[in-house]
Amino acid sequence: MEEVLEHLVSQVSSPFLAVMIIAAMAILVRGADLLVHEAVILSYRSGIPKVVIGATVVSLGTTTPEAVVSVLAAFQGKPELALGNAVGSIICDTGLILGLACLISPLPLDKRIVNRQGWIQFGCGFLLVLFCVPWSNLPSILTSGGNLSRLTGVVFLILLALYMWKSIRWAARGALPGDQDISGEEIDTGLKSGLARVVFKLCIGIVMVVGASWMLIPAASEAALRLSVPESIIAATIVAFGTSLPELVTAITATWRGHGELAVGNVIGADILNVLFVAGASAAVTSGGLAATPPFFILYFPSMLIVLVVFRVGIFASGTRLKRGFGAVMLGTYLIVTVASYIVGR
């Protein structure tokens, strides 16, 4: 699909390309607005906290396309791309997206829920590294790398089902109908709309966000090429966070609308699903699993764990809100890790 889109985009005229970019951005913004609005209504109607809705329903919707891309990459004999997609998204989601959201506005923090989901997030990242290490031949880790086996992929998918089931159980046990701080207009809309309609509109919002993101990235990349922007810069900016664009737009929209808990939940849930869903499904469909080449152990895994550790420390040190200072630390960590990765990579 991506190759088809890139080919089609390369054939269109510059004026039409500009129209495509504007249209994709408009759809992206409208879709994110609809997604956030309906997620808040779903939270109000069900009594499930917004952070949990973000960590389950919203993150599952925005992460599914990444899982599809990674599974196809694994099928096509590109396991590094599949694993790199998962690890890179975790780094981008936690450092860049959460950092930007905190800088826009301090994010409300329910420590009981965020600690529970956050430890699962950190545990998933740790498990990913643990199962990729070649324990039978540790000295070869920096020369031959490791492997995420097919069996481990199946185990991750089982853990995914368990995570979703436990999240629903925890949410049902702690549901507090009407505890959401949403506007009167949103409450009226939620009361008038049936639950099935709310879920349907939520799915429409997810489709709009993901579809617009898929169209925007190749269009923006082609426009940059036509403006003589070096391909290395395009790869390091537009393409690098392309798969995380749905989470980015959703988090920023939720923060602007005063629903920061949804942004926090979306980032945490996306990180969990990038391990259990994206990496798990990709490894499960290939007989040889996913190859974790030496750069993963030299660069990507340490970078991912550093970002996750900084996030855990920030949660521990924060009160009832994730403040702008925390956002600056997360964003700074992301920038340092990214720059270091490029320097060492070169």
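Just so we're clear, the structure is a prediction, and the values are computed from it rather than from any experiment.

Chemist: Just checking my understanding: could you explain the packing of aromatic side chains for this structure?
Modeler: Aromatic ring pairs are reported here in terms of the distance separating the ring centres and the angle at which the planes meet. Scanning all chains against the criterion turns up 6 aromatic pairs. Ring plane angle 90 degrees and centroid distance 6.1 Å describe the contact between Trp119 and Phe122, whose orientation is recorded as edge-to-face. One end of the pair, Trp119, and the other, Phe122, are both in helix α5 (residues 111–132), 3 residues apart, so they sit about a helical turn from each other. Its relative accessible area of 51% is what places Trp119 among the exposed residues. Pairing Phe297 with Phe301 gives two aromatic rings, centres 5.3 Å apart and planes at 80 degrees, and the pair type is edge-to-face. Here Phe297 pairs with Phe301, and both are found in helix α12 (residues 294–317), just 4 residues apart, close to one helical turn. Both residues of the pair, Phe297 and Phe301, belong to the buried class.

Chemist: What is the right way to look at the nonpolar core in this model?
Modeler: By size, the foremost hydrophobic cluster in this structure holds 95 residues, and its most contacted members are Leu83, Leu128, Phe301 and Met304. Per-element accounting of this core gives the leading share, 14 residues, to helix α11 (residues 260–284). Setting aside anything within four residues of it in sequence, one finds Leu83 in contact with Leu128, Cys132, Ala279, Leu290, Ala291, Ala292, Phe296 and Phe301.

Chemist: What's the story with the confidence of the model for the protein chain in this structure? I'm lost.
Modeler: Any segment with low pLDDT has predicted coordinates that should not be analysed in fine detail. Chain-level pLDDT for the protein chain is 82 on average; 86% of the residues reach the 70-or-more range. Put simply, helix α7 (residues 184–192) is where the protein chain has its lowest mean pLDDT, 51, and strand β2 (residues 146–148) is where it has its highest, 92. Segment residues 175–185: pLDDT under 50, and 18 contacts once partners within four positions in sequence are set aside and those in other chains are kept.

Chemist: Please explain the packing of helix α3 (residues 50–75) against α11 as it appears in this structure.
Modeler: Two packed helices can be described by the angle between their axes and the distance between those axes. Closest axis-to-axis distance for the α3/α11 pair is 6 Å, and the angle between their directions is 30 degrees. Note that α3 runs across α11; the crossing there is right-handed. By residue class, the composition of the contact of α3 with α11 is 14 nonpolar, 11 polar and 3 charged.

Chemist: Please clarify how the pattern of salt bridges should be interpreted in this entry.
Modeler: Where charged atoms from two side chains of opposite charge come close, those side chains can pair. Considering all chains together, one arrives at 5 salt bridges under this definition. Close ionic contact of Asp33 with Arg257 constitutes a salt bridge, the shortest N to O distance being 3.1 Å. Of this pair, Asp33 sits in helix α2 (residues 14–46) while Arg257 sits in the loop between α10 (245–256) and α11, and the two are 224 residues apart along the sequence. Residue Asp33 is classed as partly exposed on the basis of its relative accessible area, which comes to 30%. In this structure, a network of salt bridges that share partners links the residues Arg30, Asp33 and Arg257.

Each value, and the rule that gives it
Residues numbered from 1 in each chain as written. Predicted model: local features only at pLDDT ≥ 70, side-chain atom pairs only at ≥ 80, totals over all residues. Heavy atoms only, no water. Phe/Tyr/Trp six-rings, centres within 6.5 Å; stacked < 30°, edge-to-face > 60°. Helix = DSSP H or I, 4+ residues; strand = E, 2+ residues; numbered from the N terminus. Buried < 20%, exposed > 50% of the residue type's maximum accessible area, 1.4 Å probe, protein only. Core = buried A, V, L, I, M, F, W, Y, C linked by side-chain atoms within 4.5 Å. Contact = heavy atoms within 4.5 Å. pLDDT = per-residue confidence, 0-100. Axes fitted to C-alpha atoms, helices over the stretch in contact; angles between N-to-C directions. Left-handed = near helix turned anticlockwise from the far one by under 90°. Nonpolar A, V, L, I, M, F, W, Y, C, P; charged D, E, K, R; others polar. Salt bridge = Lys/Arg side-chain N within 4 Å of Asp/Glu carboxyl O.

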